[in-house]
Amino acid sequence: MRAVHFGAGNIGRGFVGLLLHRAGYEVTFVDVNAELIAMLRAADAYEVREVGADAAVHTVTGFTGIDSSADPEAAARAVADADVVTCAVGPTVLRFIAPVIRAGLERRPESAAPVAVMACENAIGATDTLRDLVLDGAEALAARAVFANTAVDRIIPPQDPAGLDVVVEDFFEWSIDRTPFAGAEPAIPDAHFVDDLAPSIERKLFTVNTGHAATAYAGWIAGADTIAHALQEPAIRAAVDAALADTSRLLVAKFGFDPDAHAAYAARAIERFQNPALPDTCERIGRQPLRKLSRHERFVQPAAELLERGDRADGLIAAYGTALRFDAPGDEQAAELQRLLTELEPAAFVAQVSGIDGAHPLQPALVDQVAAARR
Ligand SMILES: NC(=O)c1ccc[n+]([C@@H]2O[C@H](COP(=O)([O-])OP(=O)(O)OC[C@H]3O[C@@H](n4cnc5c(N)ncnc54)[C@H](O)[C@@H]3O)[C@@H](O)[C@H]2O)c1
Ligand SMILES: O=P(O)(O)OC[C@@H](O)[C@@H](O)[C@H](O)[C@H](O)CO
């Protein structure tokens, strides 16, 4: 069995590549980082080292690499021959890998079984986004692939770029929408195939990622060097708890989760952030703030839904305001965020960045946060 994985970074090597290897796939990593691909091509194996109570060390073998900047044709050929195509490149990069996947589908024999395509990004409907980009103007290729949304969860902090080994937490969860496969899911024993992905992706994004981001932005302002240290500040912990109290109310009401089980899930997320053996930075967790302030992301989407239900979202709205102060050097979106804050009036900022206009009940509170951040 052959798998092609776009993005040989932290999640690529430390999670998706590992689980595909454990499932028996030969994995071809496709990336635009020439040095990383050279290392993958030169190596026979790399290690994924877990830290935590249930830690283990896994050795990944049977892989190769393709630099799609230098040789897009080879990447397309790999897709044409694959049983499974996955990616973990970041939601903003999907548009760059889509043409390569399209070229692979064009080269795929019509007699071949459809390839399973699954985006492994922190975003609702990331595979739908990828499918639309791949099939744009090429709808006849739709029969050559099955596109399935997924939710991925494993904290993998910045790694030593000089090597391939990856240090990860012992926790992982990969949920995949079963329904597009019509009974013919790919064999990936470590993944859960579910009949409805919405509860899985929203619980994960609006608990793990909302809590993570709320911690990172408050920690950034406080000058905390790690996420774990930020959470030791009582005021930061209280702000994170308030944001998660909001999303917990929404998730329990929307999906009917057992309140105690959901409280345990949220508490476990905080414990994971505090893992002393896995130091993670406010810069990484806060990266690309414009993405995180957007309409369907970790603050605005749950806050909007709460207000639409006649509820409040004070913790999420405060976290949104905190995120506006993120100005990490080297983060292009942080620089753009600060530029937009000075150039746009608050209502225009909220409409452009967060997709909320004056007709929405959340708009006044977000406008207040933006106005305060501009002072
Ligand atoms: N790190 C985590 O804890 C974690 C956990 C769950 C989900 N995710 C999600 O996984 C995705 C990847 O995150 P990451 O932490 O692994 O990032 P990363 O930066 O470590 O890896 C991304 C990789 O994509 C490569 N890339 C960039 N453009 C490319 C292109 N055009 N073609 C092929 N490869 C390209 C980069 O060179 C890099 O190696 C993101 O959507 C992230 O939200 C991350
Ligand atoms: O990857 P991002 O930028 O969407 O979010 C940063 C972190 O919150 C994220 O990578 C988590 O570590 C991960 O989602 C845990 O599963």
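Residues numbered from 1 in each chain as written. Chains lettered and ligands numbered in written order. Predicted model: local features only at pLDDT ≥ 70, side-chain atom pairs only at ≥ 80, totals over all residues.

(A) Quick look at the sheet that holds strand β3 (residues 45-51). Read across the sheet, three strands follow the order β4-β3-β10 without closing on themselves; strand pairing throughout is mixed. Each edge of the sheet is formed by a strand with only one pairing partner; in this case those strands are β4 (57-61) and β10 (166-169). Between one strand and the next, the sheet's axes are offset by a mean angle of 25°, whatever the strand orientation. Direction of pairing for β3 relative to β10: parallel, over a ladder of four bridges. Residue pairing in the sheet places V51 in a bridge with E169 of β10. On top of the sheet, helix α1 (residues 10-22) reaches β3, β4 and β10; it is set at about 80° to β10, its chief contact. (Pairing = 2+ DSSP bridges. Helix = DSSP H or I, 4+ residues; strand = E, 2+ residues; numbered from the N terminus. Axes fitted to C-alpha atoms, helices over the stretch in contact; angles between N-to-C directions. Contact = placed C-beta atoms within 7 Å.)

(B) A look at the site of ligand 2. Surrounding ligand 2, one finds N122, D153, R154, I155, V208, N209, H212, I285, R287 and Q288. Considering each element in turn, the shell around ligand 2 owes the most residues, three residues, to helix α6 (residues 198-222). Classifying every residue of the shell around ligand 2 gives three nonpolar, four polar and three charged. Looking at which domains feed residues into the shell around ligand 2, each of domain 1 (2-194) and domain 2 (198-374) gives three or more. (Near = placed C-beta within 6 Å. Nonpolar A, V, L, I, M, F, W, Y, C, P; charged D, E, K, R; others polar. Domains from an automatic or database assignment.)

(C) A look at the pairing of strand β1 (residues 2-6). Of all five residues in β1, four are buried, a share of seventy percent or more. Of the strand pairs in this sheet, β1 and strand β2 (residues 26-31) are connected by five bridges, and their pairing is parallel. In the strand pairing of β2, A3 is matched with V27. Running through α1, the crossover from β1 to the neighbouring parallel element β2 is right-handed. Pairing of β1 with strand β6 (residues 84-87) involves four bridges; the strand directions are parallel. For V4, the partnering residue across the bridge sits in β6 and is V85. (Buried ≥ 20, exposed ≤ 12 C-beta atoms within 10 Å, placed from the backbone. Right-handed = clockwise from strand over helix to strand, strands pointing away.)

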